[in-house]
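What follows is each chain in one-letter form.
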Amino acid sequence: MLRFTLRRIWQIIPTLIVVALLIFVIFSVVPGSFAASLFSDGRRAADPQMIARLNEEFGLNKPLMERFITYITDLAQFDLGTSFRTRQPVIDLIADRMWASLQLAIAAMVFALALGVPLGFLAALRPGSVLDTVTMIGAVSGLSMPQFWLGLLLMYLFALQLNWLPSFGYGDGSFRNLILPAVTLGVTPLALLARTTRAGVLDVLSADFIRTAHSKGMSEAKVVRWHVARNALVLIVTTVGLQFGSLIGQAVVIEKLFAWPGIGSLLVDSVAIRDIPVVQGTILVIVLWFLLINTAVDLIYAAIDPRIKQE
Amino acid sequence: MRLGFNFWLGALLTLLVVLAGVLAPWIAPFDPVFDADLMNSELPPDSTFWFGTDGQGRDVFTRILYGAQISLTVGIVSQVINSVIGVTLGMTAAYWGGWWDDLVNGLTNVMLAIPSLIFALAVMAVLGPGLPSLLIALGLTNWSWTCRIARSSTLSLKSQGYVQAAQTLGYGDLRIMFTQILPNMMGPILVMATLGMGSAVLSEAALSFLGLGIQPPFPSWGSMLTDARQLIQLAPWVAIFPGLAIFLSVLGFNLLGDGLRDSLDPHMRTRNI
Amino acid sequence: MTEALLDVRDLRLGVVQKRATLHAILKGVSFQILPGEAYGLVGESGSGKSVTSLAIMGLLGKPLSVTGGALLFKGQNLLDLSKREMRRLRGNRIAMIFQEPMTALNPLATVGRQIAEMYMLHQGKGRQEAQELAIEALASVRVPNPDRRAKDYPHQMSGGLRQRVMIAMALACDPDLLIADEPTTALDVTVQAEVLRLIKDLCAERGTAVLFISHDLGVIASICQRVGVMYAGCLVEENETKALFQDPRHEYTRGLLGALPQLGSRSQNGRRRLVDIDSIIADRSKLTETSFIVPRRPQGGQA
């Protein structure tokens, strides 16, 4: 198991390197002179001499190869560059906002799991019932809804009309501020989890070994607990893993909507003002996060299903 | 081929969207961009302005109708690009194998490692906002799923009798791929493309909402929601209708895709023992 | 005459929807199994033999349902029992083994755990004790190194071993009746023989009655004392095994037996084509009207 773990973690590195390369290639297309023409107070520099000086400062007029090498060596030392706008190290900017994003993502996922999995289970155990139909309609609706629209509606209802929750912002970091963004973000994973759990449980229920379990004299409840649950877990874990990818992407929008001070809103703001180093760095960090989650999911998967380890 | 309730409901909703977009120039009461009278701003729905007016005094109903054109364009074009890239790469990778397969696989893995919205954001950052860049950005994300499916389909179709027959007849590789293999995997590809339309529309809405996609004053449903955010307390209808439009069209595409998938291969989700 | 362990009386079964029988599958099947007896049920696919066994176990899935008749087990009508009472019988007094050992076992639990479940469930044993009993059970079905094997997962075992595990599970609580539904069909011929011998020996040892279902006459002949032939939802012939083979009365049985290649028949009877059923049976729909049930001989004369 340990060897398997190490092997999977090791496999992240080449992917990460290629992604870093890809990001660099994409962004070196952006005319560096234009991107660097920012003063630290956000004003654009119009004077060509000014622009030239800024370019000099950021090393943007050096040949491509040299820039690339600097980029890679910096990365190896965990230096993600310096923001064009604030002149701060990118890595500091990211570190400040990391926790807020993590909080949001975890809260959303917990919400989705807590509601989605039981609903999916129950729907599968009573196929064709009212609960089943309602759950499935809800699920496909949840997947079709633009999340930020839902966020707006919830904001309108709970914050502005009913005044139960704050309408945006991190506030003092208390739980109340987390609720609306987390619920909004969690709706899509919830819908998908309900759906896939239902499909997975139905699949398992029709498997032969369930018939064997029944023939042994096990009650419905025991069969579900011991045999169905374990086998359906595999599918659930995979879905959770897959969902984290889109969750991170969607979080970007939700963070902006609720003015949540996370990496997502940092990314959006930086793209708007063409603060390229921050954009590059943030994307890299997000990708790393995603890869780590996927690896963790793979490991859990291997721990549950003994057939996987035998590779 | 049994077409269930899902399919028909989805088809109905999709048809509504198509009709809205196609007939917009004739049934819209106003012009979506130029009929902007600040005297009329933020009016609730009434007999003149069926869905009310937005912050610039434009009729929301008109803008919704014209917005359908944008959504449909985005959905269709992005999926066409997606499918072309995905199918070409996947099919050739499976057919030729070797280093090309490894390369495509590696590329696919890298693409799958980047969340699609993030990648679209990055591309938009480079290309700048606007419809053409949006089409390219969305076309370049998500092809990896299509590629995977195309690849595995080709792998299993490759060993079919008629493919081998064509090979012995001296057909060239490309000809075989496009005449023998491709038609047989159209089903799953079509399903993916239909479902992908929904996700493309959602992505466009998100990007436009963030100000990085379709820029005002063009009536993209997503950008309509940006304005809505400021006005939410005073004029909630500005937020309700565009979002509803997005919801219903994506629902339509999703149901259509689900319906197609269920009827094409009802055993697609059955475990093979 | 000893009382029958299992008495199937005029069992009717079919596809039921909204209280109406859309399609009858069993049209009045009756047979008896005495304690310790090995009874074989032969027939082609679709004859209704598997469905009979599921009905006895109470495992019929919707839309199938029993529409008439009685299933008496030790005098009690199984059809009258509540779900809970039926569960207590299942695995405990009536056990079943299935055709595909690969898919019949939970892939995510060790083999030992799956056997131990039986002891925990029906005998209330604790986990430790149940695990030990499971190892003993594996030994009784002649699995080498049972203590190590108990920790294996199903995919780590061959088909024959898996079937032994199934047998161990089924016989764990010493049931009165073992139903074996095509247990050897999915196995290699050599493994088949071993598994059959195992079933025969263990059941003889413990006095367990066996309802052995198969389409393979050879297999039935090696284990069963009495055989019933099913065709299109009816029991068309029943007799002692030897007698059935020597003197088949019903056209269908004759067709079945005629289709068997027989060693030495060429030197005896000259070169002949194997008989196929359709050439013997002129009109299949008329076939099931007559049935030849030969009653049991009184105790003293049993072979």
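This structure is a prediction, so every number in the text was calculated from the model and none was measured.

Quick notes on the environment of B:Trp237
Residues and elements named next belong to chain B. Counting through the fold element by element, tryptophan 237 comes out in helix α11 (residues 237-264). Residue classification places tryptophan 237 among the buried residues on the basis of a relative accessible area of 13%. For the pair tryptophan 237 and glutamate 42, spaced 195 residues apart in sequence, the C-alpha separation works out to 9.0 Å. Ignoring anything within four residues of it in the chain, the contact list for tryptophan 237 reads Glu42, Leu43, Pro44, Pro45, Phe51, Gly52, Thr53 and Pro242.

A word on helix α6 (residues 130-144) of chain A
With 15 residues, α6(A) should reach 21 Å at 1.5 Å per residue; the first-to-last C-alpha distance of 21 Å fits that figure. When α6(A) is considered as a whole, its buried residues turn out to be A:Asp132, A:Thr135, A:Met136, A:Ala139, A:Val140, A:Ser141, A:Gly142, A:Leu143 and A:Ser144. Elements that come into contact with the buried residues of α6(A) comprise α5 (90-125) and α8 (175-205) of chain A together with α9 (186-209) and α11 of chain B.

Here's the deal with unusual backbone geometry
All names here are of chain C. A positive phi angle, near 50°, is found at lysine 74, a position not held by glycine. Structurally, the position occupied by lysine 74 is in the loop between β4 (64-73) and β5 (76-77). The backbone phi angle of glutamate 182 is positive, close to 50°, even though this residue is not glycine. Structurally, glutamate 182 is set in the loop between β7 (177-181) and α8 (189-206).

A few points about the packing of aromatic side chains
Within the structure shown, the criterion is met by seven aromatic pairs over all chains. By the ring-pair criterion, three or more aromatic residues cluster together here, those being B:Phe51, B:Phe61 and B:Phe241.

Thoughts on the sheet that holds β5(C)
Residues and elements named next belong to chain C. Pairing is antiparallel across the open sheet formed by four strands, whose spatial order is β2-β1-β4-β5. With one partner strand each, in any of the chains shown, β2 (20-33) and β5 form the two edges of the open sheet. In terms of strand pairing, β4 meets β5 through two bridges, oriented antiparallel. The residue bridging phenylalanine 73 from the neighbouring strand is glutamine 76, located in β5. Across the sheet, helix α1 (residues 49-57) is in contact with β1 (6-17), β2 and β4; its angle to β1 comes to roughly 100°.

Regarding the environment of C:Gly46
All names here are of chain C. By the secondary structure assignment, glycine 46 is in the loop between β3 (38-42) and α1. Of the residues examined, glycine 46 reaches a relative accessible area of 71% and is grouped as exposed. Placed 140 residues apart in sequence, glycine 46 and alanine 186 show a C-alpha to C-alpha distance of 18 Å.

Description of the confidence of the model for chain C
Across chain C, the average pLDDT comes to 82, with 86% of residues at or above 70. Predicted as a complex, the structure gets a pTM of 0.77 and an ipTM equal to 0.82.

Re the pairing of strand β8 (residues 209-214) of chain C
Residue and element names in this part refer to chain C. Counting buried positions along β8 yields six of six residues, so the element is predominantly enclosed. Along β8, one buried face is formed by Ala209, Leu211 and Ile213 and the opposite face, lined by Val210, Phe212 and Ser214, is buried too. One ladder, built from five bridges, connects β7 with β8; its direction is parallel. Bridging from a neighbouring strand, isoleucine 179 pairs with leucine 211 of β8. Handedness of the β-α-β unit built from β7, α8 and β8 comes out right-handed.

Conventions and cut-offs
- Residues numbered from 1 in each chain as written.
- Chains lettered and ligands numbered in written order.
- Predicted model: local features only at pLDDT ≥ 70, side-chain atom pairs only at ≥ 80, totals over all residues.
- Heavy atoms only, no water.
- Helix = DSSP H or I, 4+ residues; strand = E, 2+ residues; numbered from the N terminus.
- Buried < 20%, exposed > 50% of the residue type's maximum accessible area, 1.4 Å probe, protein only.
- Contact = heavy atoms within 4.5 Å.
- Expected span 1.5 Å × (residues − 1).
- Phe/Tyr/Trp six-rings, centres within 6.5 Å; stacked < 30°, edge-to-face > 60°.
- Pairing = 2+ DSSP bridges.
- Axes fitted to C-alpha atoms, helices over the stretch in contact; angles between N-to-C directions.
- pLDDT = per-residue confidence, 0-100.
- Right-handed = clockwise from strand over helix to strand, strands pointing away.

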